[in-house]
Amino acid sequence: MIANKIQVARRAIMKSSYLVCLQGHDTSTDRGCFDYRDSNAVYDIEEKYGYSSEEMFHAGFYNTRPEQFFKYYKQEVLGHIGTPGKGALALAELERRGILKCIITREIFSLARRGGCENVVELHGSIFQNICSHCWKEYPMEYIIRAKGVPLCEKCHRPVRPQVCLVGEQVDNARVTRAAEKVEKADVLLLLGCTMNQKLVTTHLKYFDGNKVILINPEEHFSDIKADIVIHGKAEDILPRIVYGDRKDDERE
Ligand SMILES: [Zn+2]
């Protein structure tokens with residue numbers, strides 16, 4: 001029974017002293033964010049740009065064809081930045097209550113922050129951070145959207161680079177370290193929209209010394225048995241039930 005599992009997860013979370021959440025990228029595609037790996041868009045993208053999304057979302061492509069990169073980036077990536085949903089709001093509530101200490105995510109659309117969370121480690125950076133590659137001046141996302149062609153710094157006329165991790169690039173070391181430190185302190189780990197075998201999870205599990213792993217993922221996977229509590233469903237639907245409780249949910253309806 002899913003309601004029982006939600007109760008068990010709710011108890012573990014409410015009792016925890018240092019809850020850390022790991023977010024897989026499924027949680028962002030669900031919210032309408034662009035995904036360069038989206039197989040449904042492959043044909044349209046190639047037709048439109050002459051290259052695949054995988055090729056264009058690559059550091060090598062950014063370096064050698066910046067004009068084409070920004071055309072694609074502005075239209076496809078910044079054209080689909082999604083909206084934070086009930087899941088992100090529930091996480092923000094857990095943070096406000098002092099239970100959730102950190103969210104570690106690979107999505108680049110800052111859904112958790114936009115949903116009200118403050119302690120977020122964005123491993124792959126964020127579309128909202130854009131920095132001149134020469135003088136480090138910062139620019140808002142709107143500056144990138146408005147720029148004709150390659151966005152250039154007002155001061156030094158060098159390209160302004162979105163601070164997102166492109167394919168073929170290393171994840172920023174400081175962020176990796178910060179994430180590992182948070183997981184080391186955690187007593188409960190909450191995994192959303194991923195499997196126990198995904199790299200995001202296996203990398204961080206090495207640092208985990210707590211007592212419970214809670215996994216919320218729509219699909220069943222053979223690695224599910226590695227988690228202590230498994231709930232098959234979307235974080236979007238399950239998290240509010242965990243945070244506010246089922247009864248309160250019923251009252252609202
Ligand atoms: Zn500059």
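Residues numbered from 1 in each chain as written. Predicted model: local features only at pLDDT ≥ 70, side-chain atom pairs only at ≥ 80, totals over all residues.

**Some remarks on the overall build of the protein**
- Regarding its fold elements, the protein presents 13 helices and nine strands.
- For a compact globule of 253 residues, the expected C-alpha radius of gyration is about 18 Å, and the protein comes in at 19 Å, within 12% of that figure.
- Counting only C-alpha atoms and orienting by the principal axes, one finds that the protein spans roughly 55 × 35 × 35 Å.
- Taking all 253 residues of the protein together, the buried fraction comes to 39%.
- Put simply, 65% of the contacts in the protein that link residues at least 6 apart link residues at least 24 apart. (Helix = DSSP H or I, 4+ residues; strand = E, 2+ residues; numbered from the N terminus. Rg over C-alpha atoms; globule rule 2.2 N^0.38 Å. Buried ≥ 20, exposed ≤ 12 C-beta atoms within 10 Å, placed from the backbone. Contact = placed C-beta atoms within 7 Å.)

**Focus on the sheet that holds strand β2 (residues 100–105)**
- Overall, parallel pairing links the six strands, which are arranged β3-β2-β1-β7-β8-β9 in an open sheet. Edge positions in the sheet fall to β3 (120–122) and β9 (229–231), since each of these pairs with one other strand and no more. Taking the axes of each pair of neighbouring strands and ignoring which way they run, one obtains an average angle of 15° across the sheet.
- One ladder, built from five bridges, connects strand β1 (residues 19–23) with β2; its direction is parallel. Note on β2: the bridge partner recorded for Leu 19 is Leu 100.
- Along the sheet, helix α1 (residues 2–15) makes contact with β1, β7 (188–192), β8 (212–216) and β9, crossing β9 at roughly 130°.
- Helix α7 (residues 86–96) rests against β1 and β2 of the sheet, and its axis sits at about 145° to β2. (Pairing = 2+ DSSP bridges. Axes fitted to C-alpha atoms, helices over the stretch in contact; angles between N-to-C directions.)

**Observations regarding unusual backbone geometry**
- Unusually for a residue other than glycine, Ser 110 sits at a positive phi of about 50°.
- Mapped onto the secondary structure, Ser 110 falls in the loop between β2 and α8 (111–114).
- The exposure class assigned to Ser 110 is buried, which follows from the 23 C-beta atoms found within 10 Å.
- For His 157, which is not glycine, the phi dihedral falls at a positive 60°.
- Inspection of the secondary structure puts His 157 in the loop between α9 (141–146) and β6 (160–164).
- Look at His 157 and you get exposed, because 9 C-beta atoms sit within 10 Å.

**Remarks on the sheet that holds β6**
- Judged by pairing direction, the sheet is antiparallel, and its three strands sit side by side in the order β5-β4-β6 without closing on themselves. Each end of this open sheet is capped by a strand with a single partner; those strands are β5 (138–139) and β6.

**A look at helix α12 (residues 235–244)**
- Taken across its ten residues, α12 has eight buried, putting it largely inside the fold.
- Remark: Gly 245 follows α12 within two positions and exhibits a positive phi of approximately 85°.

**A closer look at the confidence of the model for the protein**
- Mean pLDDT for the protein: 93, with 97% of residues reaching 70 or above.
- When pLDDT is averaged over each helix and strand of the protein, the minimum, 52, is found for helix α13 (residues 246–252) and the maximum, 98, for β5.
- A low-confidence stretch, residues 248–253 stays under pLDDT 50, and its non-local contacts, those more than four residues away or across chains, total three contacts. (pLDDT = per-residue confidence, 0-100.)

**Brief notes about the pairing of β8**
- When you tally the buried positions in β8, you get five out of five residues, the bulk of the element.
- Because side chains alternate across β8, one face comprises the buried residues Lys 212, Ile 214 and Ile 216, and the other comprises Val 213 and Leu 215, equally buried.
- Pairing analysis gives five bridges linking β7 to β8, with the strands arranged parallel. Along β8, the bridge assignment pairs Leu 192 with Ile 216.
- With three bridges joining them, β8 and β9 adopt parallel strand pairing. When the sheet's bridge partners are listed, Leu 215 is paired in β9 with Val 230.

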